[in-house]
Amino acid sequence: MIFRKNICKILLLFLIIFIFVSATTGTAMADAADGELFGYKIGDSYEITEKTKKKINIGGTVVAIKAENAKQPEDVGKVYIVTSTMTYTIGTIYSTRKFRNANIAEEFAHKYTSFLAAKYRKHSPQFKGLADSSKLLINFDNNYELRIRVFAPKDQKPSVHISLTIVGEKKKEYSNLIDKEHDQLLIKNAETKGIDKGL
């Protein structure tokens, strides 16, 4: 009886540890190698609600949306989704957080650079010679790229971005999609305003 009780306690302890690890790492970061980050997946359509429409920011051929249901570590800041203009197909997922000074920003970036480099070691993370203020670059089979950047413009608070974006052949397909949807949106808006008559 005592032996069985001890076994049950050990199994329960392992279960608690497993749940804790899943909750603190797996859920938050998901698997970037499959295009997933902060609870969203590149290539999926972002669910648009009436509340979401008020937060949409159209910039050229894409839309930037402040994520409503992101699953991220509390300290990474706000999460944004970049999508196409009509089907809201996700092409980029990123977080951004501002800091009081550059030293704190660098320390924060180093923490996540170390963690993500360890998690995706087999994908040969890069640290040196990177452009765009990048501290880390991981390319997943030329399908997706995970980056950590530190931005420190003059007279502004420094910020750290963690981003996952589409690259390679997938990016070409996505670029065609966003161009097509942007054209469709322009035509739709023209028809609504009646400026297409006779054209």
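As the structure is a computational prediction, the values presented were derived from the model and not from experiment. (Residues numbered from 1 in each chain as written. Predicted model: local features only at pLDDT ≥ 70, side-chain atom pairs only at ≥ 80, totals over all residues. Heavy atoms only, no water.)

(A) Representation of the confidence of the model for the protein in the model. Overall, the prediction assigns the protein a mean pLDDT of 83, with 80% of residues at 70 or greater. Within the model, the stretch residues 8-28 combines pLDDT values under 50 with 9 contacts to residues more than four positions away or in other chains. (pLDDT = per-residue confidence, 0-100. Contact = heavy atoms within 4.5 Å.)

(B) The arrangement of the environment of Ile178 in detail. Mapped onto the secondary structure, Ile178 falls in helix α4 (residues 168-193). Considered as a pair, Ile178 and Thr89 are 89 residues apart in the sequence and their alpha carbons are 8.6 Å apart. (Helix = DSSP H or I, 4+ residues; strand = E, 2+ residues; numbered from the N terminus.)

(C) Broad picture of unusual backbone geometry. In this structure, Phe38 is a non-glycine residue whose phi angle is positive, near 55°. In this structure, Asn142 is a non-glycine residue whose phi angle is positive, near 55°. Given the relative accessible area of 43%, Asn142 is considered partly exposed. (Buried < 20%, exposed > 50% of the residue type's maximum accessible area, 1.4 Å probe, protein only.)

(D) Spatial organisation of the pairing of strand β4 (residues 62-66). Across the two faces of β4 the burial differs, with Val63 and Ile65 buried and Val62, Ala64 and Lys66 not buried at all. Pairing of β4 with strand β5 (residues 78-83), which is carried by 4 bridges, proceeds in the antiparallel orientation. Bridge assignment links Ile65 to a residue of β5, and that residue is Ile81. (Pairing = 2+ DSSP bridges.)

(E) Inspection of the side chain of Glu181 at higher detail. By the secondary structure assignment, Glu181 is in helix α4. The side chain of Glu181 is buried and forms no salt bridge, while Lys180, the nearest opposite charge, is found at 7.8 Å. A distance of 2.8 Å separates the side chain of Glu181 from the side chain of Ser84, its partner in a polar contact. When residues no more than four places from it in sequence are discounted, the contact partners of Glu181 are Ser84, Thr85, Met86, Thr87, Tyr88 and Thr89. (Lys, Arg positive; Asp, Glu negative; His and termini not counted. Salt bridge = Lys/Arg side-chain N within 4 Å of Asp/Glu carboxyl O. Polar contact = N/O pair within 3.5 Å; in protein donor to acceptor, adjacent residues only side chain to side chain.)

(F) Fine view of helix α3 (residues 102-119). Over its 18 residues, α3 extends 26 Å from the first C-alpha to the last, a length consistent with the 26 Å expected when each residue adds 1.5 Å. Taken together, the buried positions of α3 are occupied by Ala105, Phe108, Ala109, Tyr112, Thr113, Leu116 and Ala117. The buried residues of α3 all sit within an arc of 155° when viewed along its axis, so they share a single face. The outward face of α3, more than 90 degrees from its buried face, is lined by the exposed residues Asn103, Glu107 and His110. The N-cap residue of α3 is Asn101: its side-chain oxygen and the backbone nitrogen of Asn103 are 3.1 Å apart. (Expected span 1.5 Å × (residues − 1). Arc of directions from axis to C-beta.)

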